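Here are the chains, one letter per residue:
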Amino acid sequence: MSATRFPLGLSEMVIGRKVEQRFGLLGLGRLLKLVELVIERMDGSRAAPTAVVAWGDFLAALHCNQEDAGEFLAYCDHARVLDRGDEEGRLRLTLVGELVARFAPLDAPAQAVGDRQLFSTDKQWVEWFKSDL
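Let me sum up the structure you'll find in this document.

What counts as what
Residues numbered from 1 in each chain as written. Predicted model: local features only at pLDDT ≥ 70, side-chain atom pairs only at ≥ 80, totals over all residues. Heavy atoms only, no water. Helix = DSSP H or I, 4+ residues; strand = E, 2+ residues; numbered from the N terminus. Buried < 20%, exposed > 50% of the residue type's maximum accessible area, 1.4 Å probe, protein only. Core = buried A, V, L, I, M, F, W, Y, C linked by side-chain atoms within 4.5 Å. Contact = heavy atoms within 4.5 Å. Pairing = 2+ DSSP bridges. Axes fitted to C-alpha atoms, helices over the stretch in contact; angles between N-to-C directions.

## Comments concerning the environment of Glu88
Position of Glu88 among the secondary structure elements: in the loop between β2 (82–87) and β3 (90–95). Taking relative accessible area as the criterion, Glu88 reaches 79% and is therefore assigned exposed. Separated by 36 residues in the primary sequence, Glu88 and Val52 place their C-alpha atoms 9.2 Å from one another.

Now the structure itself:
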């Protein structure tokens, strides 16, 4: 296992603040657990940090039920910090956007993957805040 940057400043990142606002400190803890889970199990054959995890393992790691997990993952996917999908009946999680740069392995250059950024204009932020309320 390669060393990774300790997640200092997670609560100061936009996604950290938004998750804490929506789900409380429990949500912020789940975000941290999500990042740890992906980094620990990431598949080195892909450009972005990606892990394939059984649903049961994911639910146990985040200490939640499937409904709460689905809502949390949908929120992170909508915020453009996570891509999720199915791979052979298991959950595939890929970190994107600001999480990629923050939690890239130390032996790899930090890079944002693709053109997935949280938002690039003020109008997009306003729309997201409105829909969140």
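On we go from here.
## Observations concerning unusual backbone geometry
Within the chain, His63 stands out as a residue other than glycine whose phi angle is a positive 50°. Mapping His63 onto the fold places it in the loop between α2 (55–62) and α3 (66–78). With phi around 65°, Arg80 is a residue other than glycine that occupies positive phi space. Taking relative accessible area as the criterion, Arg80 reaches 34% and is therefore assigned partly exposed.

## Notes on the nonpolar core
Counting 33 residues, the largest nonpolar core has Ile15, Leu31, Leu34, Phe58, Leu93, Leu95 and Leu99 as the members making the most contacts within it. Of all the elements in the fold, those that place two or more residues in this core are α1 (14–41), β1 (50–53), α2, α3, β3, α4 (98–102) and α5 (122–132). For this core, the element with the highest residue contribution is α1, accounting for nine residues. Each residue touching Leu34, except ones within four places of it in the same chain, is listed here: Phe58, Leu62, Phe72, Leu73, Leu82 and Leu93.

## Examining the sheet that holds β2
Within the open sheet, the three strands sit side by side as β1-β3-β2. Their pairing is antiparallel. Two strands lie at the open edges of the sheet, namely β1 and β2, each paired on one side alone. Taking each pair of neighbouring strands and ignoring which way they run, the sheet shows an average axis angle of 20°. When β1 meets β3, the two strands line up antiparallel, connected through four bridges. Bridge pairing in β3 links Val53 to Leu91. Where α3 meets the sheet, its contacts fall on β2 and β3, and the angle it forms with β2 comes to roughly 125°.

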